[in-house]
Structures are given as structure tokens and as C-alpha cells.
Amino acid sequence: MQMAMARSSSGLAYPERFYAAASYAGFHGSHNSTTTVSSKFQNDTALLLYALYQQATIGPCNVPRPSSWKAVEQSKWKSWQGLGNMASTEAMRLFVKILEEDDPSWYSRASNSISESVTDTQVNHYSDEHVIENGNSFPDTKTISTENGTLVETQDKDVVSEDVGTVAVYDQWITPPITGQAPKARYEHGAAIVQDKMYIYGGNHNGRYLNDLHVLDLRSWSWYKVNFKAENEPQEGQSPAKLTPCAGHSLIPWENKLLSIAGHTKDPSETMQVKVFDLQSCTWSTLKTYGKAPISRGGQSVTLVGTSLVIFGGQDAKRSLLNDLHILDLETMTWDEIDAIGVSPSPRSDHAAAVHAERYLLIFGGGSHATCFNDLHVLDLQTMEWTRPTQQGEIPTPRAGHAGVTVGENWFIVGGGDNKTGVSETVVLNMSTLGWSVVTSVQGRVPLASEGLSLVLSSYNGEDILVSFGGYNGHYSNEVNVLKPSHKSTLESKIAETPVPDSVSAIHNFTNPTRDVDSEFEGGHEGKIREIVMDNIDQGSTKSRGEGTSEHLLATLKAEREELNSSLSKEKLQTLHLKQELTDAETRNTDLYKELQSVRGQLAADQSRCFKLEVDVAELRQKLQNMEALQKELELLQRQKAASEHALNANHRQGSGGVWGWLAGTPGSGNQKEDDA
């Protein structure tokens, strides 16, 4: 408790930390504050910082919109107005987070104007005070040494330096002897295991995104850098990749290749990119995908389930948190956006995800701009339904930026932070019982208690090992740590002593459909019978020594046994009823599914007919337009004919000479008479 209080009180808390960051960024409340801010940051970052500062100090934007000719003032107004009703505290935390991403060492540079002095992370000596960066507080180590020109902190007593092959103690972190040129310290990188080699790609260092690729040979424990190139003549379905530095991406091994999915970049694309690295040719290319690709993002989770990638959440380029769900089929390279039923997890990034029994996707933790989570969500990948089961055991504290890996049915979680301090415990979740337990814990500001570290599963001398790399806890790390899991959760013995709630039992049975309900029920009741019998025997023996009533004890035990047998029979009968109801429900579900398929077929036929009718209507409209044109042309011809006839008649009357010509006996009249005759 004292240690927690010391950590939380070290450094500047909110709102003092926000005001220190605002002062450093150039917000002094004067008229030329914006000019100072714009000179330090890019235009979009300066506008966002201005809006967050106004939101945190004044509140939602209620001022009138500036005139259109004031372009700068209008841009500032739009940025502030776009924050809506964001809470003041959330605006403060987001302001500090953006400043730290753009200038990670701002706090140490601003130490002269802050009451508590914090030493810059680049010097070779550290005080005993806590260092706070990225909103996290960590106790500093007391001594530091220099090896190979890099800073190396003294190891905590819980992280020992030892050869992996000689370690006999399980569930304890060690630092193996590493050779070769280690990668630059970083966090939010990608890590993957392929054939006893750990690949590290990209990441973030001092606010700069990286695009280098390094390999740690887990047999010789030596580092080397991979020299790669973009493919000039990519294979079918691929295009040359522009190796943009990125962080917050996911690195997935697939068919002797590495897939790099999503990630934050300086100039993000509109949709999510999938890059592939060929381990044989050492070339990068971009996969051509089909369907509607998700928007670009970073901090998402990408889980390989069979031949598909399940992508959840993250943070887009506009810093908006997401909780959408997408699936990429690696065989057809087709995207599919999933509209799952149930209550999905709230929008978040930097969470952890795992798959259990190739059917259930588990999401744990993560964070928003101002809050970290420790909730657990489960997605049934067959029914696409979200549930939030009850967690058991020592539920972990809220965290974001942690890393996880599965060993059998155990899900190990390492690191992370909660905007105040790094998480020192390594925890494990039994995915069948949903029970948490603590594997081990470290002390001090070590890389294992940091955000953005990576965790992979490999093997050494036939035993599973967990390998962590990197992270950020006020310092960027490039340290490697190894743990041999014992594959036994310490919670199992506790669960055996404590009855499991019905909600957990239901999920446990649901995730294990092959279990025999009857045998499980009998085993549980027989265990209870044995426990009660042994307890009563102990009590009865004590009583017999005092009262000598052993016969009465036996009669009591027989009565209790009969009562338990009766209760067991009732439970069996109820189980049979439940089985029957389940069968009926499955039958109804099948019928409904068939009916749904029939309706879908009819709908498809109707859509086809509707499309055909639309085509016919379009053709008729075209014909009608042609007929109208012909009608107009006919009317024109008729008018021309009438005009011609009228002119002909007029000429004919003029040529006949009229009545006076006939009376005068003109030749015309004679001819007319002859014609008449």
C-alpha cells in the first residue's frame, strides 16, 4: 500500500500535469499563445492542442462561428467545435498524450518550470525519484552502468541473468546472455516466431516510427539485422511495398512469411494495408485484398484463427477509438465486416486478444483516451455473439499496452500500464475456468513493467518459453527477458476448494462440449459426499471419545448419505430435462435456420426479378422517349404538308383568272371549260 501511494504521489498529478504541459506547449493565456504553439508543432497538431486546451479550460465550444474571411480563426473554431461535449479531464489527458507522442522528453525539458525536478532520460545518472512519461509513473532504479555504449539499468532481484538452458526454476523471469548488435530501443513494435527465430519489425522510438527488421536466434541468443528490399516483380496478388515506418501494427507468421497488418504512420492510407515479408527472398510486398477493407488504424488486435485473421478495435488516424470487427480470409484474401450480436466491448486500443479452442475470441483490457479497462469479453466465432462472462480469482488491475500469449488453455499477460504506473505482475488466465492467478511479480522500473512490449512463445530444449522484448516505462527498452511457465495455474487448487458460480460453470461447459455432464455431476457429488463423510467421521470420533455414541453417528451418516443420493437423483433428472430442452432448442434452431435460408433464397429470386423489371422499365422508357421524338417529327411533317397544300391551292386559284376572265372570254376560261368537259 505504501509503495502504491508513493507511486501515485510521485511526479505531477492532474490537473497540474496538464497545466505544465500546456505551459511547455506555449499556452500562456496571451494573444500570441497560438503563434508560439504553431511554431513548435505541425498545423494539424497545433489545432488539436488548441481545441483540447480550450475544452479543458473553458468547456464545450459555445462561441459564434468566425467570419469566413478569417481562415485561421475558423479552423480553430472548427477544431474546438468538433470535440463536442468531451469531459474536461479527458481533454486534459488527451492533450498530454498528444504532446508526449510528438515530444516524448517534454517533461524533462520543462523541469525548470515544474516544482518537482525530473532528470532527462538521456543523461547517464538517475535520481531516486520517480520518472513520469506518457502518463505513467515508475520508480527509478538506483544505479546504472554502461555496456557497449548503451545504458543498462541494474537488474531487479526478480529478474536474474542466467543461461536459459540451466534454469531449473519455473515461473521466474531471467535475462539470457545476448550477443550481437541489439535493435534500437522501442515499443509498439511487431514480434513473431518462425523456426526458433524471433523477428522484430518497426515500432516507436522518441516519437519516431521505425521500419527496420531484426532477428534474435533463440538457439545462439544472438541478434542480427535483416537487409531487405521491395520486390521488383511481385507475385500474383501482390504489389511492391513502400516501406513506411510504422508502430502499433501486428506481425503474424503465415506460411514461411510474415504479415504486417495496420499500424500508425506519419501519412496513413485510408484503408488498412497488409504487407508480407518473404523469409526466403527477404523482400517486402503489399498483398492485394478484396472486399471492403477496414479503415487504417493502430493499436488493434489481430488474432490468427485457422486460416483467417480476426481484427478488433484500435485507434484510427484521427485518434478516434474503434470497436469494429473484421475478418480477413487468408485463402481468398477477402475482407468481411462482422456485425456481431450481443454487447460488444467499448471502443479501445492497446488491448490483448487470444483464441480458445479455435472458436472463442477473448478480449482483455485496453484503454481509451482517459480510462484503462480490466474487463473480459468473449466472442463465439460460430454464432458471432459477444458475451461478458464473470471473471474468477485475482482479477488483474486495469491496463493498456500489455502483451499476451497462450500456452495450451493458459493465457499469459505481461506488462501494460494504467496512466499512473506500470504493471509489475505477470498473470495467467485459465481460459476454461476463466480463473486468474499471478505467476510472478517484478519490482522497480524494469522493461517487464512497461507498455508496448512484445511477448512471443517459443521452445528451448523441449520446453516452452515466453520471450519478451522492448517496451516503454519512462525509458525505451531493447532488453530480452525469458520465462519458463510451469503450465500450472496456482488458481487450480483454490478453485478446487471454492465452489464455482453457475455463470462460470455454464461458460466452462459451453467451451467444452465434449464433456460428459452426468459423469461430471456424479464426480462432483461423490467428492462432496466423501468430504462430508470424512468431516463427520472426524467430528464423530471426537464425540465418541466423549460420549461413546458411535452407533448414533453411523445412523446420522447413513441418513445424510441417503439424502445426498436423493438430491443426486433429482439433479440427474433435472439434467435430463435440460438435455431434452437443449435438443429441442437445437431442433428449433435448425428449423429456423432452414427457414431463414429459404427466405434468403426467395429474397434472392425476388431481387433477381426486381432487377429484370428495372431493366424492362428502362427499355420501355427509352422506347417511349423515341416515340415522343417520332411524334414530334410526324407533327412537323403534317404541318409542312398542310402548308404545301395551302400554297398549291392559292397558286391554282390565281392561275384560273376568275369570273372576269370567263366573261371576257379569255383563253384561260375556254381551256377551263374544255377541261371541265
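It should be emphasised that the depicted structure is a prediction, and the values quoted were computed from it without experimental measurement.

Caption draft 1: Fine view of the pattern of salt bridges. Considering all chains together, one arrives at eight salt bridges under this definition. The salt bridge partner of Arg348 is Asp375, with a shortest N-O separation of 2.8 Å. Taken as a pair, Arg348 in the loop between strand E21 (334-338) and strand E22 (352-356) and Asp375 in the loop between strand E23 (360-364) and strand E24 (376-380) lie far apart in primary sequence, 27 residues in all. Here Arg348 matches Asp375 in class, with each residue buried. The partner of Arg359 in a salt bridge is Asp380, with the nearest N and O atoms 2.9 Å apart.

Caption draft 2: Main features of the pairing of strand E31 (residues 454-460). The buried fraction of E31 is high, at five of seven residues. Pairing of E31 with strand E32 (residues 463-472) involves seven bridges; the strand directions are antiparallel. Within E32, the position partnered with Ser458 by the bridge is Ile465.

Caption draft 3: Focus on the environment of Gly471. Mapped onto the secondary structure, Gly471 falls in strand E32. Residues Gly471 and His189 lie 282 residues apart in sequence; the distance between their C-alpha atoms is 8.7 Å. Apart from the residues lying within four places of it in its own chain, the contact partners of Gly471 are Arg186, Tyr187, His189, Ser450, Glu451, Gly452, Leu453, Tyr476 and Ser477.

Caption draft 4: Summary view of the sheet that holds strand E29 (residues 425-430). Spatially, E26-E30-E29-E28-E27 is the arrangement adopted by the five strands of the open sheet, whose pairing is mixed. Of all the strands in the sheet, just strand E26 (392-393) and strand E27 (403-407) have a single pairing partner and so form its edges.

Caption draft 5: A look at the nonpolar core. In terms of nonpolar packing, the biggest core is built from 29 residues, with Phe18, Phe27, Leu52, Phe95 and Trp106 touching the most fellow members. Going through the elements one at a time, helix H2 (16-25), helix H4 (43-57), helix H5 (71-81), helix H6 (88-102) and helix H7 (106-109) are the ones with two or more residues in this core. Setting aside its immediate chain neighbours within four residues, Trp106 contacts Arg17, Ala20, Ala21, Tyr24, Val96, Leu99 and Glu100. Among the nonpolar cores identified, the runner-up in size contains 17 residues, and Leu259, Met272, Ala293 and Met333 belong to it.

Caption draft 6: Layout of the sheet that holds strand E8 (residues 197-205). Strand order in the open sheet formed by four strands is E7-E8-E9-E10, with antiparallel pairing between adjacent strands. In this open sheet, the two strands that pair with only one neighbour each are strand E7 (190-193) and strand E10 (222-225). Ignoring which end each strand starts from, the neighbouring axes of this sheet average 25° apart. In this sheet, E10 lies alongside strand E9 (residues 208-217) in antiparallel orientation, the contact comprising four bridges. Of the residues in E10, the one forming a bridge with Val215 is Tyr224.

Caption draft 7: Inspection of the packing of aromatic side chains at higher detail. Here the structure, examined in full by the defined rule, presents 16 aromatic pairs. Measuring from centroid to centroid gives 5.8 Å for Tyr187 and Tyr476, while their planes differ by 55°, and the two rings are tilted. Taken together, the residues span a long stretch of sequence, with Tyr187 in the loop between strand E6 (173-175) and E7 and Tyr476 in strand E33 (residues 476-483) at a distance of 289 residues. A single burial state applies to Tyr187 and to Tyr476, both of which are buried. A connected cluster of aromatic rings, assembled from ring pairs, spans Phe18, Tyr19, Phe27, Tyr53 and Phe95. Taking NZ or CZ as reference, Lys266 lies 5.3 Å from the ring centre of Tyr209, over its face. Taking NZ or CZ as reference, Arg348 lies 4.3 Å from the ring centre of Phe373, over its face.

Caption draft 8: Representation of the environment of Ser88 within the structure. For Ser88, the location among the structural elements is in helix H6. The exposure class assigned to Ser88 is partly exposed, which follows from its relative accessible area of 31%. In this view, Ser88 contacts Gln55 and Ala56; residues no more than four positions away in its chain are not counted. Here Ala56 takes part through its backbone oxygen, which lies 2.8 Å from a polar atom of the side chain of Ser88.

Caption draft 9: Quick look at the packing of H2 against H6. Direction vectors running N to C along H2 and H6 enclose 45°, while the axes themselves pass 9 Å from each other. Relative to H6, H2 is oriented oblique. The crossing of H2 and H6 is left-handed. Residue-level contacts link Arg17, Phe18, Tyr19, Ala21, Ala22, Tyr24 and Ala25 of H2 to Met92, Phe95, Val96, Leu99 and Glu100 of H6. Among the residues forming the contact of H2 with H6, the class breakdown is 10 nonpolar, no polar and two charged.

Caption draft 10: Structural view of unusual backbone geometry. Notably, Asp350 is not glycine yet its phi reads approximately 60°, a positive angle. Within the element layout of this structure, Asp350 appears in the loop between E21 and E22. The exposure class of Asp350 is partly exposed, given its relative accessible area of 24%. At Leu434, a position not held by glycine, the phi torsion is positive, near 60°. The exposure class assigned to Leu434 is buried, which follows from its relative accessible area of 3%.

Caption draft 11: Broad picture of a positive patch on the surface. A cluster of basic side chains, namely Lys184, Arg208, Lys225 and Lys266, defines a positive patch on the protein surface. Mapping Lys184 onto the fold places it in the loop between E6 and E7. Since its relative accessible area comes to 46%, Lys184 is described here as partly exposed.

Caption draft 12: View of the side chain of Glu188. With respect to the helices and strands, the residue Glu188 is situated in the loop between E6 and E7. Nearest to the buried, unbridged Glu188 among oppositely charged side chains is Lys97, at 7.0 Å. The residues contacting Glu188, other than those within four sequence positions of it, are Gly203, Asn204, Ala247, Gly248, His249, Asp350 and Gly452.

Caption draft 13: Looking closely at the confidence of the model for the chain. Across the chain, the average pLDDT comes to 78, with 73% of residues at or above 70. Here residues 489-548 is modelled with pLDDT under 50, and outside its nearest four sequence neighbours on either side it reaches 58 contacts, counting other chains as well.

Caption draft 14: Expanded view of the packing of H4 against H6. With their axes 8 Å apart at the nearest point, H4 and H6 run at an angle of 155° to one another. In terms of axis orientation, H4 runs roughly antiparallel to H6. The hand of the H4/H6 crossing is left-handed. Facing Thr45, Leu48, Leu49, Leu52, Tyr53, Gln55 and Ala56 of H4, the residues of H6 in contact are Ser88, Ala91, Met92, Leu94, Phe95, Ile98 and Asp102.

Caption draft 15: Representation of H6 within the structure. With 15 residues, H6 extends 21 Å from end C-alpha to end C-alpha; this agrees with the ideal 21 Å at 1.5 Å per step. Those residues of H6 lying buried are Ala91, Met92, Leu94, Phe95, Val96, Ile98, Leu99 and Glu100.

About the cut-offs
- Along each chain, the written sequence defines residue order, and numbers are assigned to residues from 1.
- Restriction of local features to residues with pLDDT of at least 70 applies here, the model being predicted, together with a cutoff of 80 or more for giving and counting side-chain atom pairs; totals for whole chains, interfaces and linings are based on all residues.
- Side-chain figures throughout are based on the complete set of non-hydrogen atoms in the structure, without hydrogens or water.
- Salt bridges, as used here, are contacts in which a Lys or Arg side-chain nitrogen is within 4 Å of a carboxyl oxygen on Asp or Glu.
- The secondary structure listing takes helices from DSSP runs of H or I that are at least 4 residues long and strands from runs of E that are at least 2 residues long, numbered from the N terminus.
- Buried means the residue's accessible area, taken with a 1.4 Å probe over protein chains only, is under 20% of the maximum for its type, while exposed means over 50%, and partly exposed covers the values in between.
- By definition, two strands form a pair when at least two bridges between them are found by DSSP.
- Contacts are assigned to residue pairs that have any heavy atoms within 4.5 Å of one another.
- Buried Ala, Val, Leu, Ile, Met, Phe, Trp, Tyr and Cys residues form a nonpolar core when they are joined through side-chain atoms within 4.5 Å.
- Every axis in this analysis is a line fitted to C-alpha atoms, fitted for helices over the stretch in contact. Angles between the N-to-C directions lie between 0 and 180 degrees.
- Here is the rule: rings of Phe, Tyr and Trp (six-membered ring for Trp) pair when centre to centre is within 6.5 Å. Planes less than 30 degrees apart are stacked, more than 60 are edge-to-face, and the remainder are tilted.
- By the criterion adopted, a ring carries a charge over it if an Arg CZ or a Lys NZ lies within 6 Å of its centre and within 35 degrees of its normal.
- Definition of a polar contact: a pair of N or O atoms within 3.5 Å, with one able to donate and the other able to accept a hydrogen when the atoms are protein atoms, and with sequence-neighbouring residues admitted only if both atoms are side-chain atoms.
- Any angle that falls under 35 degrees is termed roughly parallel, while one over 145 is termed roughly antiparallel, one within 65 to 115 roughly perpendicular, and all others oblique.
- Crossings are classed by handedness, with left-handed meaning an anticlockwise turn of the near helix from the far one by less than a right angle and right-handed meaning a clockwise turn.
- Residues are sorted three ways: Asp, Glu, Lys and Arg are charged, Ala, Val, Leu, Ile, Met, Phe, Trp, Tyr, Cys and Pro are nonpolar, and all the rest, Gly among them, are polar.
- Patch definition: residues with relative accessible area over 30% and no salt bridge; like charges joined within 9 Å; nonpolar side chains (Val, Leu, Ile, Met, Phe, Trp, Tyr) joined within 5 Å.
- Surface exposure here means Shrake-Rupley accessible area, sampled with a 1.4 Å probe, where a residue is shielded only by the protein chains that are shown.
- Only four residue types enter the charge count, namely Lys and Arg as positive and Asp and Glu as negative; His and the chain termini do not.
- Charge coordinates come from a single atom per side chain, which is NZ of Lys, CZ of Arg, CG of Asp or CD of Glu.
- Per residue, pLDDT measures the predictor's confidence, with a range of 0 to 100.
- One less than the number of residues in a helix, times 1.5 Å, gives the span that helix is expected to have.

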